[in-house]
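One-letter residues, chain by chain:
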Amino acid sequence: MSDPTIMAELHNRLGAPSSEAVECLRLLKAFLRLKPRQRFEVVDLVERLAAGDHASGKPLS
């Protein structure tokens, strides 16, 4: 998407993305580059952190 006309049209229709949206897309892109096993480990880690299990003494790696 390097065509300036298309980019300008998208910007006019959608507005500028928030920095949070840009960061989410970067993280998604990096996540999709991982091997399936690594994806599973990342999801498992995030779920444990969200549940508060990091204080239970379980290793996070």
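Residues numbered from 1 in each chain as written. Predicted model: local features only at pLDDT ≥ 70, side-chain atom pairs only at ≥ 80, totals over all residues. Heavy atoms only, no water.

A. Region of interest: the overall build of the protein. Along the backbone of the protein there are 3 helices and 0 strands. The burial tally for the protein puts 2% of its 61 residues in the buried class. Of the roughly 5500 Å² of accessible surface on the protein, 62% is carried by carbon and sulfur atoms. (Helix = DSSP H or I, 4+ residues; strand = E, 2+ residues; numbered from the N terminus. Buried < 20%, exposed > 50% of the residue type's maximum accessible area, 1.4 Å probe, protein only. Areas by Shrake-Rupley, 256 points an atom, 1.4 Å probe, with all protein chains shown as cover.)

B. Highlighting the pattern of salt bridges. All chains considered together, the criterion is met by 4 salt bridges. Salt-bridge contacts for Arg13 lead to Glu9; the nearest nitrogen and oxygen are separated by 3.2 Å. Here Arg13 pairs with Glu9, and both are found in helix H1 (residues 4-14), just 4 residues apart, close to one helical turn. For Arg13, a relative accessible area of 67% translates into the label exposed. Residue Glu9 is classed as partly exposed on the basis of its relative accessible area of 42%. With a shortest N-O distance of 3.4 Å, Glu41 and Arg37 are connected by a salt bridge. Note that Glu41 and Arg37 are positioned in helix H3 (residues 36-51) at a spacing of 4 residues, about one turn of the helix. The exposed category is assigned to Arg37, whose relative accessible area is 54%. (Salt bridge = Lys/Arg side-chain N within 4 Å of Asp/Glu carboxyl O.)

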